[in-house]
Amino acid sequence: MSKIAQVTEVTSQPARIVFSDFFSDFSRNAITGELNKKTNVEAVKQSVKNLLLTDKYERLFQPEIGSGLKGLLFENATPFVQLQIDTYINSVIENYEPRAEIIATNVSFYNDKNAANITVKFMVINTEDPVEFNISLERTR
C-alpha cells in the first residue's frame, strides 16, 4: 500500500467578507460598542434600496444622486410610466452601484392609493445567486 493517502475531503473556507456597510440606523453592538455592519449581499441590497428611495437634490453635496421614483407616483399608470420607472432604476444602479447588475424589474401600480410596488432582481458581482427584493412607494401626506 502506498504511503500517499488520497484526500477526498473538501476543505471549506469561511465566507470571505467582500463588501460591508453600516446599518442605516447606526445601531451599536451591545458588547463591543462598535457600529453594527451588514456584509456582502445585505450591504449591496441596502445600498440599492437607499439609491432607489433617494430623490435628486436630496443629498447635500451630491445632488445628482437619486432615482426620482417618488415623483412618478402621481402619474397615471401607463406602460410609458412603467418603462420610465425601469429606465430610472437601471440608470441609477448602473451609475452609482458598481457592485450590482440588474436582471429584471417589475412594477405594480395601486391607482386608488397612489402607490407602487417595485420588485428588483439583480446579481451581486462575485456571487452566484440572484437577489430579489421589494420596495413599496407610497404618497405621504
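Use the structure listed above.
The model shown is predicted, which means the values in this text are computed figures rather than measured ones.

1. Quick word on unusual backbone geometry
Okay, step 1: Located in the positive-phi region is Asn40, a residue other than glycine, with phi close to 50 degrees.
Okay, step 2: Note on placement: Asn40 falls in the loop between strand 2 (37-39) and helix 1 (41-53).
Okay, step 3: Assessed through its relative accessible area of 21%, Asn40 is described here as partly exposed.
Okay, step 4: At Tyr57, a residue that is not glycine, the phi angle is positive and equals roughly 70 degrees.
Okay, step 5: Considering the arrangement of structural elements, one finds Tyr57 in the loop between helix 1 and helix 2 (79-96).

2. Section: helix 1
An α-helical segment advances 3.6 residues per turn. Residues three or four places apart therefore align on the same side.
Okay, step 1: Along its 13 residues, helix 1 runs 18 Å from first to last C-alpha, staying within 8% of the 18 Å computed at 1.5 Å per residue.
Okay, step 2: Along helix 1, the residues that are buried comprise Ala43, Val44, Gln46, Ser47, Val48, Leu51 and Leu52.
Okay, step 3: Buried positions along helix 1 lie against strand 1 (20-22), strand 2, helix 2, strand 3 (100-110), strand 4 (115-124) and strand 5 (130-138).

3. Comments concerning the packing of aromatic side chains
Okay, step 1: One pass over the structure, following the stated rule, counts one aromatic pair.
Okay, step 2: Measuring from centroid to centroid gives 5.9 Å for Phe122 and Phe133, while their planes differ by 85 degrees, and the two rings are edge-to-face. Pair noted here: Phe122 is in strand 4 and Phe133 is in strand 5, with a separation of eleven residues, a long-range link. In terms of burial, Phe122 and Phe133 fall into one category: buried.
Okay, step 3: When the ring centre of Phe19 is taken as reference, the NZ or CZ atom of Arg99 above it lies at 5.3 Å.

Thresholds applied
Residues numbered from 1 in each chain as written. Predicted model: local features only at pLDDT ≥ 70, side-chain atom pairs only at ≥ 80, totals over all residues. Heavy atoms only, no water. Helix = DSSP H or I, 4+ residues; strand = E, 2+ residues; numbered from the N terminus. Buried < 20%, exposed > 50% of the residue type's maximum accessible area, 1.4 Å probe, protein only. Expected span 1.5 Å × (residues − 1). Contact = heavy atoms within 4.5 Å. Phe/Tyr/Trp six-rings, centres within 6.5 Å; stacked < 30°, edge-to-face > 60°. Lys NZ or Arg CZ within 6 Å of the ring centre and 35° of its normal.

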